Amino acid sequence: MISVPKGTKDVLPSQSYKWQYIENCAREVARVFNIREVRTPVFEHTELFARGVGDTTDIVNKEMYTFLDKGDRSITLKPEGTAGVARMFIENGLASSPLPMKSFYITPCYRYERPQAGRLREFHQFGVEMYGSAEPAADAECIFAASSFLEKIGIKNVRLELNSIGCKSCRADYNKALKAYFEPHLNEMCSTCKERFEKNPLRMLDCKEEGCKKIAAGAPRILDYLCPDCYAHFDEVKNLLAAQGLDFTVNPGIVRGLDYYTRTVFEFVSTSIGAQGTVCAGGRYDSLISELGGPSTPAVGFAAGLERLILLMENTGVEFPAPPVPDIYLAGMDAVTRAKAFELAASLRREGIAAECDLMNRSLKAQLKYTDKSGATYVAVIGGNELAEGALNVKKMSDGSTRKVDFGELINYIKG
Ligand code: ATP
Ligand code: MG
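Residues numbered from 1 in each chain as written. Chains lettered and ligands numbered in written order. Predicted model: local features only at pLDDT ≥ 70, side-chain atom pairs only at ≥ 80, totals over all residues. Heavy atoms only, no water.

Here we look at the overall build of the chain
In plain terms, the rule: Counting from the N terminus, the helices are the DSSP runs of H or I reaching at least four residues and the strands are the DSSP runs of E reaching at least two. Every radius of gyration here is taken over C-alpha atoms, with the globule rule written as 2.2 Å times N^0.38, N being the number of residues. Buried residues are those whose accessible area, probed at 1.4 Å on protein chains only, stays under 20% of the maximum for their type, while exposed residues exceed 50% and partly exposed ones sit between those limits. Note on contacts: a residue pair is in contact if any heavy atoms of the two residues lie within 4.5 Å. Values of accessible area rely on a 1.4 Å probe in the Shrake-Rupley scheme; residue burial ignores everything except the protein chains shown.
A count of helices and strands for the chain gives 15 helices and 16 strands. Taking 2.2 N^0.38 as the reference for a compact globule, 416 residues should give roughly 22 Å; the C-alpha atoms of the chain span a radius of gyration of 27 Å, well beyond that estimate. Seen through its principal axes, the chain has C-alpha atoms that stretch 90 × 50 × 40 Å. Residues classed as buried in the chain amount to 50% of the 416 residues present. Taking the contacts inside the chain whose residues are at least 6 apart along the sequence as the reference set, 69% of them involve residues at least 24 apart. Here the chain displays about 20,400 Å² of accessible surface, and carbon together with sulfur accounts for 51% of that area.

A few points about the sheet that holds strand β12 (residues 328-332)
As a reminder, the rule being used: Should DSSP find at least two bridges between two strands, the strands are taken to pair. Convention adopted: a line fitted to C-alpha atoms gives each axis, helices being fitted over their contacting stretch, and angles between N-to-C directions are expressed from 0 to 180 degrees.
As summarised here, the arrangement of the 5 strands in space is β13-β12-β14-β15-β16, forming an open sheet in which the pairing is mixed. In this open sheet, the two edge strands, each paired with only one partner strand, are β13 (355-357) and β16 (402-406). On average, adjacent strands in this sheet sit at an angle of 25 degrees to one another, irrespective of strand direction. Packed onto the sheet, helix α13 (residues 364-374) meets β12, β13 and β14 (378-382) and runs at close to 170 degrees relative to β12.

Observations regarding the side chain of arginine 263
Following the sequence through the fold, arginine 263 ends up in strand β9 (residues 262-270). If sequence neighbours within four positions are ignored, arginine 263 has contacts with Asn163, Ser164, Ile165, Gly166, Asp229, Cys230, His233 and Arg284.

A word on the site of ligand 1
Threshold: Nearness here has a simple test: a residue counts as near a molecule or strand if at least one of its heavy atoms is within 4 Å of that partner. Pairs of N or O atoms within 3.5 Å make up the polar contacts considered here, provided that, within protein, one atom can donate a hydrogen while the other can accept it, and that residues adjacent in sequence are counted only when both atoms are side-chain atoms. Lys, Arg, Asp and Glu make up the charged group, whereas Ala, Val, Leu, Ile, Met, Phe, Trp, Tyr, Cys and Pro make up the nonpolar group; the residues left over, Gly among them, are polar.
Close contacts around ligand 1 come from 17 residues, with Arg111, Glu113, Arg119, Leu120 and Arg256 the closest. At a separation of 3.1 Å, an oxygen atom of ligand 1 approaches a polar side-chain atom of glutamine 125. Arginine 308 is positioned with one of its side-chain polar atoms (N or O) 3.1 Å from an oxygen atom of ligand 1. Going through the elements one at a time, β6 (122-131), β10 (278-284) and β11 (299-305) are the ones with two or more residues in the shell around ligand 1. No other element matches the 4 residues that β10 contributes to the shell around ligand 1. Of the residues in the shell around ligand 1, the class split is 7 nonpolar, 4 polar and 6 charged.

Quick look at the packing of helix α1 (residues 16-32) against helix α11 (residues 306-315)
The condition is simple: Small angles under 35 degrees read as roughly parallel and large ones over 145 as roughly antiparallel, with 65 to 115 read as roughly perpendicular and the rest as oblique. Here is the rule for handedness: rotate from the far helix to the near one, and if that takes an anticlockwise turn smaller than a right angle the crossing is left-handed, while a clockwise turn gives right-handed.
Axis separation between α1 and α11 bottoms out at 11 Å; the angle between their running directions is 110 degrees. On the basis of the axis angle, α1 is roughly perpendicular to α11. Crossing angle aside, the handedness with which α1 passes α11 is right-handed. Contacts from Lys18, Trp19, Tyr21, Ile22 and Glu23 in α1 reach Leu306, Glu307, Leu309, Ile310, Met313 and Glu314 in α11.

Details of the nonpolar core
Basically, it comes down to this: Only buried Ala, Val, Leu, Ile, Met, Phe, Trp, Tyr and Cys residues count toward a nonpolar core, and they belong to the same one when joined by side-chain atoms within 4.5 Å.
Counting 96 residues, the largest nonpolar core has Phe149, Phe182 and Leu309 as the members making the most contacts within it. Per element, the largest residue contribution to this core is 9 residues, and it comes from helix α5 (residues 136-152). For phenylalanine 182, the residues in contact, after removing those within four places along its chain, are Met189, Phe197, Pro201, Met204, Leu205, Ile215, Ala216 and Ala219. In this structure, Cys357, Ala380, Val394 and Tyr413 belong to the second largest nonpolar core, which totals 19 residues.

What to know about the sheet that holds strand β4 (residues 74-77)
Spatially, β2-β4-β3 is the arrangement adopted by the 3 strands of the open sheet, whose pairing is antiparallel. Two strands lie at the open edges of the sheet, namely β2 (43-45) and β3 (66-68), each paired on one side alone. Put simply, the sheet's adjacent strands are angled 35 degrees from each other on average, direction ignored. Pairing between β2 and β4: 3 bridges, direction antiparallel. Paired with histidine 45 across the bridge in β4 is isoleucine 75.

Some thoughts on the packing of aromatic side chains
Stated formally: Put simply, two rings from Phe, Tyr or Trp (the six-membered ring, in Trp's case) pair if the centres are within 6.5 Å, and we call them stacked under 30 degrees between planes, edge-to-face over 60, tilted for the rest. Ring-over charges, as used throughout, are those where CZ of Arg or NZ of Lys falls within 6 Å of the ring centre and within 35 degrees of the ring normal.
The final tally for this structure, using the stated rule, is 13 aromatic pairs. Taking 5.7 Å as the distance between ring centres and 80 degrees as the angle between the ring planes, the aromatic pair formed by phenylalanine 126 and phenylalanine 302 counts as edge-to-face. Taken together, the residues span a long stretch of sequence, with phenylalanine 126 in strand β6 and phenylalanine 302 in strand β11 at a distance of 176 residues. Considered together, phenylalanine 126 and phenylalanine 302 belong to a single accessibility category, that of buried residues. Members of the aromatic cluster, joined through ring pairs, are Phe104, Phe126, Phe149 and Phe302. One Lys or Arg, arginine 121, reaches over the ring of tyrosine 112 and ends 3.9 Å from the middle of that ring.

Quick notes on the domain arrangement of the chain
Heads up, the condition is: Throughout, the edges of the domains are those of an automatic or database domain assignment.
Domain boundaries assigned for the chain yield domain 1 (13-167 + 227-315) and domain 2 (328-415). Computed from C-alpha atoms alone, the centre-to-centre distance between domain 1 and domain 2 is 48 Å.

Re helix α8 (residues 210-217)
Our working definition: What the arc describes is the spread of directions from the helix axis to the C-beta atoms.
Residues of α8 that are buried: Cys212, Ile215 and Ala216. Summarising the axial view, the buried residues of α8 lie within an arc of 100 degrees, below the 170-degree limit, and thus occupy one face. Among the exposed residues of α8, those oriented more than 90 degrees off its buried face are Glu210, Lys214 and Ala217. Those residues of α8 that are buried lie in contact with α6 (168-182) and α7 (191-199).

Here it is in structure tokens:
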């Protein structure tokens, strides 16, 4: 038997309603924020992620699904959603469209990781990208969109953690301070940290090795190195959140796993799903578009991992809406009444009613047993009498009551 590849999952018919629910919530939040959907390819030129995500990140260093296609091009399955949207923005000259461009995506992502709870090789993200505004209000709107989404799906026990990692100019001073701090500890640190020490010391704060984490805990804090502009920007973001009563904690340890961030970074963290507690993460990336060759365009966004959210919802008993059930099951007894059931089902479906009839040539008894399992709201059996009368005894399954309904009245009766 061929099994599903490691780190991937099927969504079974009995589970897909959860996915539809969470995706509908995302779309509804996007609607009220006037954020439009975009769709970009699942694969891109490898170069896009190497430059966009950054070659000192775990994603680019270890996790990408990269291969040569038949034309010898290096192709990579998207490990995240931002780089593709940024490419789309540049390639289509959207900098000259009305800004800000507020867009969202729901996309599969691919990372070669060690699979565990909440960590897969194929996973899905709902993400928002806002391009064109450098204002703190854009950061705040983005954070509110993320928070509204989490609230809408019913997640309560998450904490918003906020930080600013400054701009290029304040980061230069900070990098010096970090290097001075880490230098005497370097021989106790992992090889990745040693490499990052040279290329991008900020990323050393994001190391997952216990030994490195301990050392990083004593590092100087970026917030003490912010330039006046970055400081004021961060202050204003905090004010805008506080003014709407959105709670947050400032966590100077958040630097994010991607290289392109500047200024605001944030994570929504849950305490209910162990190590993989970050369910939504984002921030500002003002230099990404220009680094990818586009016109200098400030940007802010976030991405939420849908598998982790579903896991969190299941673990904390958040109610999903009930799975869909057929409105009515029409049982037939012989060739003629089955044909009538088929015909009635077709006419009900044209009116938007979820109608089912037998496709398995089952006995009446077996049909009724199946109906019980399918959870249909109403059930009606069509026999010879019903055909002759042009009316059905429609049984309401929730209370067992029946009502005689003319064939022609069926639609109105079910629509209630
Ligand atoms: P982590 O530190 O857990 O590896 P990350 O920093 O790599 O996360 P991002 O690149 O910011 O994560 O992705 C945004 C969100 O996507 C994460 O907060 C998480 O919910 C989800 N996510 C990331 N990687 C995976 C994965 N391998 N499987 C499932 N969800 C993931
Ligand atoms: Mg990761």
